[in-house]
6 protein chains.
Amino acid sequence: MYYHDKRLQYPVVVEKPDPAFARMLQQAIGGVEGEIRVCMQYFFQAWGNRAPNTKYRDMLLHTATEEIGHIEMLATAVALNLDKAPASLQETGAADSIVGAVMGGERPRHMIEGLIHKNLLSSGLAAMPMDSDGVPFNMSHIYASGNIAADMYSNVAAESTGRVLAVRLYNAAHDPGMKDMLHYMIARDTMHQQQWLAVLEELGGPSANLPIPNSFPQEQEDQENNYNFYATAADGTVPEGRWTSGSTIDGRGEFTVFPNRPLGEEPVLGPARTDSGAQGQQIG
Amino acid sequence: MYYHDKRLQYPVVVEKPDPAFARMLQQAIGGVEGEIRVCMQYFFQAWGNRAPNTKYRDMLLHTATEEIGHIEMLATAVALNLDKAPASLQETGAADSIVGAVMGGERPRHMIEGLIHKNLLSSGLAAMPMDSDGVPFNMSHIYASGNIAADMYSNVAAESTGRVLAVRLYNAAHDPGMKDMLHYMIARDTMHQQQWLAVLEELGGPSANLPIPNSFPQEQEDQENNYNFYATAADGTVPEGRWTSGSTIDGRGEFTVFPNRPLGEEPVLGPARTDSGAQGQQIG
Amino acid sequence: MYYHDKRLQYPVVVEKPDPAFARMLQQAIGGVEGEIRVCMQYFFQAWGNRAPNTKYRDMLLHTATEEIGHIEMLATAVALNLDKAPASLQETGAADSIVGAVMGGERPRHMIEGLIHKNLLSSGLAAMPMDSDGVPFNMSHIYASGNIAADMYSNVAAESTGRVLAVRLYNAAHDPGMKDMLHYMIARDTMHQQQWLAVLEELGGPSANLPIPNSFPQEQEDQENNYNFYATAADGTVPEGRWTSGSTIDGRGEFTVFPNRPLGEEPVLGPARTDSGAQGQQIG
Amino acid sequence: MYYHDKRLQYPVVVEKPDPAFARMLQQAIGGVEGEIRVCMQYFFQAWGNRAPNTKYRDMLLHTATEEIGHIEMLATAVALNLDKAPASLQETGAADSIVGAVMGGERPRHMIEGLIHKNLLSSGLAAMPMDSDGVPFNMSHIYASGNIAADMYSNVAAESTGRVLAVRLYNAAHDPGMKDMLHYMIARDTMHQQQWLAVLEELGGPSANLPIPNSFPQEQEDQENNYNFYATAADGTVPEGRWTSGSTIDGRGEFTVFPNRPLGEEPVLGPARTDSGAQGQQIG
Amino acid sequence: MYYHDKRLQYPVVVEKPDPAFARMLQQAIGGVEGEIRVCMQYFFQAWGNRAPNTKYRDMLLHTATEEIGHIEMLATAVALNLDKAPASLQETGAADSIVGAVMGGERPRHMIEGLIHKNLLSSGLAAMPMDSDGVPFNMSHIYASGNIAADMYSNVAAESTGRVLAVRLYNAAHDPGMKDMLHYMIARDTMHQQQWLAVLEELGGPSANLPIPNSFPQEQEDQENNYNFYATAADGTVPEGRWTSGSTIDGRGEFTVFPNRPLGEEPVLGPARTDSGAQGQQIG
Amino acid sequence: MYYHDKRLQYPVVVEKPDPAFARMLQQAIGGVEGEIRVCMQYFFQAWGNRAPNTKYRDMLLHTATEEIGHIEMLATAVALNLDKAPASLQETGAADSIVGAVMGGERPRHMIEGLIHKNLLSSGLAAMPMDSDGVPFNMSHIYASGNIAADMYSNVAAESTGRVLAVRLYNAAHDPGMKDMLHYMIARDTMHQQQWLAVLEELGGPSANLPIPNSFPQEQEDQENNYNFYATAADGTVPEGRWTSGSTIDGRGEFTVFPNRPLGEEPVLGPARTDSGAQGQQIG
């Protein structure tokens, strides 16, 4: 179960509200690389964790809980960018001159409408659980496979794309407050990349964990097709690299190259059933 | 551009059609761990690849092209499981006794209807680009970030969950033909896990690539929060592990623990705008 | 069954076409607060209504049918805003100077393209069943629970967010014709809010209907946790209000405060099954 | 920001695992009436709350935080129903005889496969953020309008459909542990219905809040169409009720009946533009 | 605008309720071949119709309006199949013995739960706007292109897949009442196929309408690649047919065969931008 | 199975990068009229084709394979429009002055941000499988019905809306390279419209194929309602046309007009079940 503190994880200050940047920040909330995704992913991995002990369940809960605070920070940043900040910013009129133009029906409407449609019309100038194009987050992006190694790689991928996004937002940001918030979030993503890789190391690293899942007796997989690169160029050329020769990463084989060709035959499904709603010509 | 051979990549034989297994196979076609996902992911990573040379673009095309053949194999397997197989199986009547029951309106309808609704009603007993619950594949699952290392980790994650799924299907399969097909696909997933990890190694491994993206000057990220584990348990307990002490995975720091607490203040958005459609009490 | 009249429910006139406003109007068609939603919601509530008599089914059909006309009005308004209006507006060239700029490939393209992408590319300058960000309406938003009181509250919520949206559009509108159309729609939303609350009153009001569903014997619910506010602040503070003390709204209890704490234990799922595709380390 | 306790909010015990019931419980996790929805809805309402003070923001955070614990309880219940419970249940073999049948490829496969497809294939017998049909939760269901009264009615609707769902699950449950968990959740839904209605009362009740939003000058809405029931039956019959006569709920008018008829004319969009991709016959 | 009659378009009688068939009928309501789709498609085509006169707008409204009544019939059929029918069927107990088993928590639960999950849990045994797998209808399936010929072909396709579905349901139906309802719906689909083809004929048929859109000067399209079949088999074989030789359907050319080969070069996107969040190795 | 050639199907050259046009091109990749759709549609139609011979399966594979190359061309075009083209364009700085403005945080941000949000933030200035509003492609748009005639009409519809889209893009394009690419794609759409109509002709044309499916004995459909136009105007007017009189398109009947009226009665579902979570008042 959970507790909250109404203060933020880290300060969120916006000196000069910028509706266009608000919309960009939405990607970090409800984009597939965003914080709702990692938060819910770590929670579901924790809640479904099956293992001899509860160590990883426990650890995942720590970080999942941290991530709620990141969504909260970003939601606050979106709201502040969409309107005048309270108190000290009240006088600048920066936001008023822009957002006010939309609300009041004045120009230059074209400067922002495309950027904040649902933030304006649906939520009254607040954050929404959607990405920067207004597409709502879809929970099918929560990867929790029941396999701890697959999950850790999914988490590394999530924090890698997440940090790439945070860097892009940092590069696009003007506001010192936003730069400060993002330089904190970028740091947390650094840690989380390390953290999931640390689990993989603790579990024994590549040699102990690959191929994933390692609980499947590898002798049952096709021994002739598990370490060869399939070359599918029509002209037979092969892109040489670490993956075409030498020892495999798991140390269990040698990379080779297989000039691809069909190993099966043309499939023949035969005529359709009389009662299947097919066209008569298909029934023959 | 592309060419095809109407023969299959690998033989797909179904001795005893099983509509329930057909529905399970749908997960490997249109599930988030399935083959449409990896096929399209590798294609979009290739087509958008920006680099000093086209080496990785080239290599990605080889494997993306291979994956089309995997969707094709699975689609064939679904169709064969949903009806009588051609030729040699024509006489067994195995499928007819089951699927025929549905088509003809006979019992035991309850044995299968829940399993093949759209495969029966929408496609006439063929595969569809959806998962085992009938949810269509959504292309937001194609991760192509523009960062080669993030993409490789996404690919490792995809092939790991993909192999986990293939193993589960193998364990659930009865039919020798299906076991054979899956033991081949499991092997290809093994190779593809190796392949993407090989790219990461060729790029210099963790020390050269972390944190991702490595093109962001790390001194610009928050130096006090990039290598500490945030402990969020209300009682202050900490789950010790590789991630709480010792050198970090990238070799650039030491793991420490931070007993989490708010570093910011309570956000105050202030009253709503007069013209924002808020309730009067919010405007104050 | 249904009939139509090709005339509109209420006049829709656009003096000066405005593609940006067209895109905003899309929210009222295919947004979650929009007219497709209420129309279909009332229809499905009517069609599935189970009751001793057909009174509410009957009444719902009246209003569902009215709502089709609202979608029609908005669709007409979008089309008129996207191109030159017929007849009297034909000469102004107002739309031509804007939309024409896009179609003809001239500038200032940036003024509109972001706003009308699919309305331009997919529908040829007409309305589409999507929201202001181009996200298609998803029918999961049709709430028809089979419980008349829950449905009425869902309807009040729908008409409340609907009127909030209509007011925001009214505030953003320039065109007198659009102002006129919206001042009519705002009025209809007023009535519909009243109408669903009137049903709740006719059913006996809060005391007769709460808690919803009232057909569940309340003595079977947890008597110690049904009227206490859970305070989850880590520092134990409580937000005092109507919900922390005094008689409850249904008149069946007294509000109290419960400083939240775990009442259960740490869940232990135990090791994974051998054949479940988990990592070996999870099987133990 | 947030803290966690690894213990559950309330005990979750499953005496006899039941995969079919696990799938039903998914509706309470990822269904539109489920706990992810209310949790995220209250969070986004809090984070975007604009008001003269932070009272309601504060209160919403308390309950949003409580709801995370409900998702956690249900996720635990799903996992326990999908496999053998730990310790004391280890010997019963109840779950093994069913789930094992699937994993091991034995019959009676038809008893469960339709019910646990993705829970089996994607998550390794754990909960997922999807509904009972395997459809992932879509965040567009988070209603946070920026209007406190509209939000409260949305919340009453959510907790009403939520309690209806919990009652249906209670009625379908066999297991005493599941009955116990649900009788607790039903109680919490009772409180939350009261809580949001208490806010509406504190804000002044119907007369002070209707029509929503009350910040729009009501004299600007169409005064002839804001309190009349539109009768759309082709034969002119009218369903009499509280909504056809008498004082309106907000006390500002009298209900009347309007036999519906078109107030506008047939819309004429005119010929298509030459360069709009229309058929030549449409250009005329 | 619209009117209703509370009577059904055609009688809907269910002699023996069948929850499994109810779920199959859902495909005809909310499936991509279903009635919501055609209803909304014809409405949006009508509302956005641009032409020298309103003839086709008018005609489309007639049929769109008819289709509302089809959704209504199917929704009624689903409700009747999900529970005991009123009056004369009250005594059979047919439905009670099945649905009652679920509601009351008795076996044979496995016979139906997979089939009626959301119909039971979300709607209280009524129809929902979703398909037979519980996937909600998504309005992106409303094809209204702004081109009358493209729309007519989309309509023919919709009514063709719709009639295929209705035939499959008819073949699967047991109940005489359901057979009667479906034999009516199949007939209406026949008419609607004719109707849209009649529009194409009235517009001048293939020679006048092809290629669609016919308003694009055909001399501006690539004259060397508009009537040749691209053969993409790696071995150069060509599937001979009406499409490889002879006069084209529009009478404007001759079919030929083009053995496919690349006409362009390998694309080179070059290094990534320094500030684009790419990996350093990509920047070079 | 499949092969690739790393060269493009047709040259893709962008002289002057234009991020706004890049976003428009996205509609041709991931829009419902786009190339992913036709590619996957033809593949699934081929893979599930049931017929006495494999002729149409074979032919469909040729064209499906061709379409992969179209997605590739468009993805390349998007990438080139989003950044500076390599080599010869490197010096123009055209793209740098625009995209660089965003990346570097300079103005005129409003000129592009609305147009390239996810292309910038998620993919690093590359194409994504989504439409021009950033909505990801949803695979439910793959129509493969199991009926060859229904499929061919679906394909004609797809290529018709596809060519309409391509023409709109051509009309909006400035760049000679883009015009050249699109004039090629428009030509291929012309051929594909012909190709699917050629199949219908080879199958015997309308008289042999209608109504679809032609395998259902037409005498089992309602003979009184299969060739009459339902007139639903409340005032009884009828839109005369090819569909109201004369021989039907399939030559099997005469068109007539039916002034619509209810043929059924008001449905009565009766009271709700006691245990169904309905409100008590519904149980009666």
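Residues numbered from 1 in each chain as written. Chains lettered and ligands numbered in written order. Predicted model: local features only at pLDDT ≥ 70, side-chain atom pairs only at ≥ 80, totals over all residues. Heavy atoms only, no water.

Draft legend 1. Seen up close, the interface of chain F and chain E. Across the boundary between the two partners, chain F contributes 106 residues, which contact 106 residues of chain E. Buried area between chain F and chain E, summed over both chains or domains, comes out near 9,200 Å², and the portion from carbon and sulfur atoms is 63%. Considering only the surface of chain F that becomes buried against chain E, F:His62, F:Trp243 and F:Arg273 emerge as the three largest contributors, covering 8% of it. With its nearest N and O atoms 2.7 Å apart, the salt bridge here joins E:Glu221 to F:Arg163. Taken together, the links from chain F to chain E amount to 52 residue pairs in polar contact (both at pLDDT 80 or more). Looking at the side of chain F that touches chain E, the elements with two or more residues in it are α3 (55-82), α4 (94-103), α6 (148-172), α7 (176-202) and β2 (228-231) of chain F. (Contact = heavy atoms within 4.5 Å. Buried area = accessible area lost by both parts, 1.4 Å probe. Salt bridge = Lys/Arg side-chain N within 4 Å of Asp/Glu carboxyl O. Polar contact = N/O pair within 3.5 Å; in protein donor to acceptor, adjacent residues only side chain to side chain. Helix = DSSP H or I, 4+ residues; strand = E, 2+ residues; numbered from the N terminus.)

Draft legend 2. Examining the confidence of the model for chain A more closely. Per-residue confidence for chain A averages 89 on the pLDDT scale, and 88% of its residues sit at or above 70. Low pLDDT, under 50, characterises residues 85-114 of chain A; the predicted model gives this stretch 65 contacts beyond four residues in sequence or across chains. (pLDDT = per-residue confidence, 0-100.)

Draft legend 3. Broad picture of the relation of the copies chain F and chain D. Once turned by 180° and shifted 0.0 Å along the axis, chain F lies on chain D with an RMSD of 0.0 Å. In short, the pair behaves as if placed about a two-fold rotation axis. Measuring from the rotation axis to each C-alpha of chain F, the shortest distance belongs to F:Ala234, at 3.8 Å. With an isologous cut-off of 70% or more, the 100% of interface residues of chain F that recur at the interface of chain D puts this contact in the isologous class. (Least-squares fit on C-alpha atoms with pLDDT ≥ 70 in both.)

Draft legend 4. Main features of the UniProt feature "binding site: Ca(2+)" (unreviewed entry) in chain A. The feature "binding site: Ca(2+)" (unreviewed entry), as given by UniProt, occupies A:Asp58 in the numbering adopted here. The exposure class assigned to A:Asp58 is buried, which follows from its relative accessible area of 12%. Other than its neighbours up to four places away in sequence, A:Asp58 contacts B:Pro239, D:His4 and D:Lys6. (UniProt positions renumbered as here; feature names shortened; annotations may be inferred. Buried < 20%, exposed > 50% of the residue type's maximum accessible area, 1.4 Å probe, protein only.)

Draft legend 5. Fine view of the interface of chain F and chain D. With seven residues of chain F at the interface, the matching set in chain D holds seven residues. The junction of chain F with chain D conceals about 480 Å² of combined surface from both sides, 43% of it contributed by carbon and sulfur atoms. On inspection of chain F and its partner chain D, the count reaches zero salt bridges. Summed over the shared surface of chain F and chain D, the number is four residue pairs in polar contact (both at pLDDT 80 or more). Per-class residue counts for the side of chain F that touches chain D are two nonpolar, three polar and two charged. (Nonpolar A, V, L, I, M, F, W, Y, C, P; charged D, E, K, R; others polar.)

Draft legend 6. Looking closely at the packing of aromatic side chains. One pass over the structure, following the stated rule, counts 51 aromatic pairs over all chains. Ring centres of E:Tyr153 and F:Tyr153 lie 6.3 Å apart, and the angle between their planes is 25°; on these two criteria the pair is classed as stacked. Remark: F:Tyr153 occurs in helix α6 and E:Tyr153 occurs in helix α6 (residues 148-172); the pair is interchain, linking two chains. Residue classification places E:Tyr153 among the buried residues on the basis of a relative accessible area of 7%. Grouping aromatic residues by their ring pairs yields a cluster made of A:Tyr2, A:Phe43, A:Phe44 and A:Trp47. Just above the ring of E:Tyr170 sits the side chain of E:Lys179; from NZ or CZ to the centre is 4.3 Å. (Phe/Tyr/Trp six-rings, centres within 6.5 Å; stacked < 30°, edge-to-face > 60°. Lys NZ or Arg CZ within 6 Å of the ring centre and 35° of its normal.)

Draft legend 7. Here's a closer look at unusual backbone geometry. That bond from C:Ile212 to C:Pro213 is cis: its omega, 0°, falls within 30 degrees of zero. Mapping C:Pro213 onto the fold places it in the loop between α8 (205-209) and β2 (228-231). With a phi close to 70°, A:Leu125 is a non-glycine residue in the positive phi region. Structurally, A:Leu125 is set in the loop between α5 (113-121) and α6 (148-172). By relative accessible area, which is 1% here, A:Leu125 ends up buried.

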